[in-house]
Amino acid sequence: MPSAAAIDTTTATREPVYDLLVVGGGINGAGIARDAAGRELSVLLVEQDDLASYTSSSSTKLIHGGLRYLEYYEFRLVREALIERERLLGMAPHIIWPLRFVLPQSQSPRAAWMVRLGLFLYDHLGGRKQLPGTQTIDLDRAPQGKGLRATGSKGKGTDGKGTNGKGRAFVYSDCWVEDSRLVVLNAMDAAARGARIETRTRLTGAETRDGIWHATLEGPEGTREVRAKMLVNAAGPWVDTVLRKLGRARNDRGVRLVKGSHIVVPRLYEGDHAFMLQNPDRRIVFAIPYEREFTLIGTTDEPWTEAPGKAEISAAETDYLCETANRYFETAITPADVVWSYAGIRPLYDDHAANASAVTRDYVLDFDRPDEGAPMLSIFGGKITTFRKLAEHALQHIAEVFPEAGQAWTGGAVLPGGDLPGGDFAAYCADLQTRYPQFPTPHLARLARAYGTRAGTILGGATRIEDLGEDFGAGLTAREVDYLVEHEWARTPEDILYRRSKLGLHVPQGAAQALARYLAKAPAGN
């Protein structure tokens, strides 16, 4: 920690006393900041790196109820997630869209009747309205079977297996999400409602005096002190670290770190559907169409015993995911086929489950309001699908400190860019093409997917793509980069190529270096 002489305490008197200091710029921190700002509380959110730098950009990128959680009797969590699934689809139809999942039964370690019962519950627990329900298909006849290996099983078909073919499968619905963009959109909406968002800003310490938090922050402009009436610890994998740093750690609350890794390979099959693949060890792996040209495969569940930080996939995890894919698909893959991989540390609430895959994905909110000192709320666990409901529950505790806070409001409020007329993405794309006829259709579709109705802010009065300035490759232009810097806290090539987009998979060699040179000259935004 810097010496007292190095800390600018004058800023503490110049800045207001915030109602909330939110530590952590992942999905939970951004969601809580948005909800609180919308209830007219003053909010400062600090994130030590970029928004969604860690767990929230390393998910399987699904908005889902969690079918496999039914196996662990997580009925409350699954029901809440299923209700949120359709609500989020309406809030951000540009970055969230329906996805059909094919669940082959020919190699299932679970009886077909048990899986079908689980899917019946899945279809009905959450009051499904928009998404189609479960159906059963014959993979030897249905188009979804193309690209799958024949199992050669000799069952009679009563348990979901075919006689010598690919067998039967169940097809059910969930949704895809651009996970890191979901975080950014929550932060943007929070800022639009008055919150202050500071990235590359680390909490180095805090103490309470006269019932107020005095927090020391270290950021791009140096070290300063800020004051807040309440602190929200949404630091994800660092939640325990923050508690210990502030002297609020407890023995009955803890976080269990689990690493989840994914690989990206050239596309393994045709179609817009995904697969849920069941392994002999009963673990689940998804195979999902990704960025048009690829297939995303994951995730693993490995205990993480090191300090929180950047994680990388291990050779053993890569082998495991390749072997899973090879068990099901005709096109065999090896580690040499992996074009990109990513890994993240999930901060799950420690329920002392023996198996990392069985650790609860539910969340626990620890509200600490001592007789002396300032209140603090710590977030343990959670999943991206339930972030909005988690934030709403967090605000119930926060309202105990701020009874003047407004009522719950986020359930029907769209996120930035999500106000598509009628929620019709295809119609919006067609309208963009009409307004910008000289632009390539794929370019407009990508902008619409990333930014929704904010795409018009980037395109402005341009009549041809050259009007958008330097092209860094794959359609990424200077105008788009300027927008990301000004409105979305982007500062580095990685922020832009792998979190605000996945264009890092498409741009030519040298693009990141060219982008770094451009960013070095660009004025800071936000």
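S.K.: Just to check I follow, could you spell out the overall build of the protein for this structure?
M.R.: Counting secondary structure elements, the protein contains 14 helices and 18 strands. With the C-alpha coordinates of the protein rotated into their principal frame, the extents come out at 75 × 60 × 45 Å. For the protein, with 526 residues in total, the buried portion stands at 60%. Of the contacts formed within the protein by residues at least 6 apart in sequence, a portion of 72% connects residues at least 24 apart. Counting every atom, the protein has about 21,400 Å² of accessible surface; 50% of that belongs to carbon and sulfur. Where the 62 positive side-chain charges of the protein centre and where its 66 negative ones centre are 5 Å apart.

S.K.: What am I meant to see in the layout of surface pockets here?
M.R.: With a probe scaled to a water molecule rolled over the atoms, the places where space remains empty come into view. The volume enclosed by the second largest pocket comes to roughly 810 Å³. If you trace the second largest pocket, you find 30 residues lining it, with Trp97, Glu178, Glu291, Arg292 and Arg449 closest to the centre. Sorting the residues of the lining of the second largest pocket by element identifies β4 (96–104), α5 (179–192), β13 (284–290) and α10 (441–451) as the ones contributing at least two each. Among the elements that take part in the lining of the second largest pocket, α10 stands out by supplying six residues, more than any other. The residue makeup of the lining of the second largest pocket, split by class, is 13 nonpolar, six polar and 11 charged.

S.K.: What is the right way to read a nonpolar patch on the surface from this model?
M.R.: Together, Tyr73, Phe75, Trp113, Met114, Leu117, Phe120 and Leu121 give the surface a local cluster of nonpolar side chains, amounting to about 770 Å² of exposed area. Looking at which element gives the most residues to the nonpolar patch, the answer is helix α4 (residues 112–124), with five residues. Note on placement: phenylalanine 120 falls in helix α4. The partly exposed category is assigned to phenylalanine 120, whose relative accessible area is 45%.

S.K.: How do you make sense of the side chain of serine 501 when you look at a structure like this?
M.R.: By the element assignment, serine 501 lies in the loop between α13 (493–499) and α14 (511–521). One polar contact links the side chain of serine 501 to the main-chain carbonyl oxygen of isoleucine 496, over a distance of 2.6 Å.

S.K.: I'm lost on unusual backbone geometry in this one. Help?
M.R.: Glycine aside, negative phi is the norm for most residues, and most peptide bonds take the trans geometry. At the junction of glycine 298 and threonine 299, the peptide bond is cis and its omega measures out at 20° in the coordinates. Residue position: threonine 299 is located in the loop between β14 (294–298) and β15 (302–303). In this model, aspartate 210 sits at a positive phi of 55°, which is unusual for a non-glycine residue. By the secondary structure assignment, aspartate 210 is in the loop between β8 (202–209) and β9 (212–219). Positive phi outside glycine occurs at glutamate 291, with the angle close to 50°. Mapping glutamate 291 onto the fold places it in the loop between β13 and β14.

S.K.: Before we go on, may I ask you to explain the packing of aromatic side chains in this structure?
M.R.: Any pair of aromatic rings gets described here by the distance separating the centres and the angle formed by the planes. This structure, assessed with the given rule, holds 16 aromatic pairs. Pairing tryptophan 340 with tyrosine 342 gives two aromatic rings, centres 5.2 Å apart and planes at 40°, and the pair type is tilted. Tyrosine 342 shares its class with tryptophan 340; the two are buried. Judged by centre distance (5.7 Å) and plane angle (85°), the rings of tyrosine 436 and phenylalanine 439 are edge-to-face. For tyrosine 436, a relative accessible area of 8% gives the class buried. On the accessibility criterion, phenylalanine 439 (2% relative accessible area) is buried. Of note, arginine 283 hangs over the ring of tyrosine 320, and the distance from its end group to the ring centre comes to 4.7 Å. The aromatic ring of tryptophan 97 is capped on one face by arginine 449, whose charged end is 3.9 Å from the ring centroid.

S.K.: Help me out: how do you make sense of the packing of helix α3 (residues 75–91) against helix α8 (residues 387–401) in this one?
M.R.: Between two packed helices, the angle of one axis relative to the other and the distance separating the axes together describe the packing. For the pair α3 and α8, the least separation of the axes is 9 Å and the interaxial angle reads 105°. The orientation of α3 relative to α8 falls into the category roughly perpendicular. Contact residues: Glu80, Glu84, Arg87, Leu88 and Met91 in α3; Phe387, Arg388, Lys389 and His393 in α8. A per-class count over the contact of α3 with α8 returns three nonpolar, one polar and five charged.

S.K.: Just to check I follow, could you spell out the pattern of salt bridges for this structure?
M.R.: Should their charged atoms come close, side chains of opposite charge can pair. Per the counting criterion, the structure on display carries 39 salt bridges. Taking the shortest distance from any N to any O, the salt bridge between glutamate 71 and arginine 282 comes out at 2.7 Å. Linking glutamate 71 in the loop between β3 (62–63) and α3 with arginine 282 in the loop between β12 (274–278) and β13, this pair joins segments that are 211 residues apart in sequence. Judged by relative accessible area, glutamate 71 falls into the partly exposed class, the value being 28%. Judged by relative accessible area, which is 37%, arginine 282 ranks as partly exposed. Connected through salt bridges with shared partners, the residues Asp50, Arg181, Arg200, Glu488, Glu494, Asp495, Arg499 and Arg500 form a single ionic network.

Reading the values: rules and limits
Residues numbered from 1 in each chain as written. Predicted model: local features only at pLDDT ≥ 70, side-chain atom pairs only at ≥ 80, totals over all residues. Heavy atoms only, no water. Helix = DSSP H or I, 4+ residues; strand = E, 2+ residues; numbered from the N terminus. Buried < 20%, exposed > 50% of the residue type's maximum accessible area, 1.4 Å probe, protein only. Contact = heavy atoms within 4.5 Å. Areas by Shrake-Rupley, 256 points an atom, 1.4 Å probe, with all protein chains shown as cover. Lys, Arg positive; Asp, Glu negative; His and termini not counted. Charge placed at Lys NZ, Arg CZ, Asp CG, Glu CD. 1 Å grid on protein atoms, 1.4 Å probe; cavity = no way out; pocket = protein on both sides within 12 Å on 5 of 7 lines; lining within 4 Å. Points joined across faces, edges and corners; volume = space filled by probe spheres on them. Nonpolar A, V, L, I, M, F, W, Y, C, P; charged D, E, K, R; others polar. Patch = residues over 30% accessible without salt bridge, like charges linked within 9 Å, V, L, I, M, F, W, Y side chains within 5 Å. Salt bridge = Lys/Arg side-chain N within 4 Å of Asp/Glu carboxyl O. Polar contact = N/O pair within 3.5 Å; in protein donor to acceptor, adjacent residues only side chain to side chain. Phe/Tyr/Trp six-rings, centres within 6.5 Å; stacked < 30°, edge-to-face > 60°. Lys NZ or Arg CZ within 6 Å of the ring centre and 35° of its normal. Axes fitted to C-alpha atoms, helices over the stretch in contact; angles between N-to-C directions. Parallel < 35°, antiparallel > 145°, perpendicular 65-115°, else oblique.

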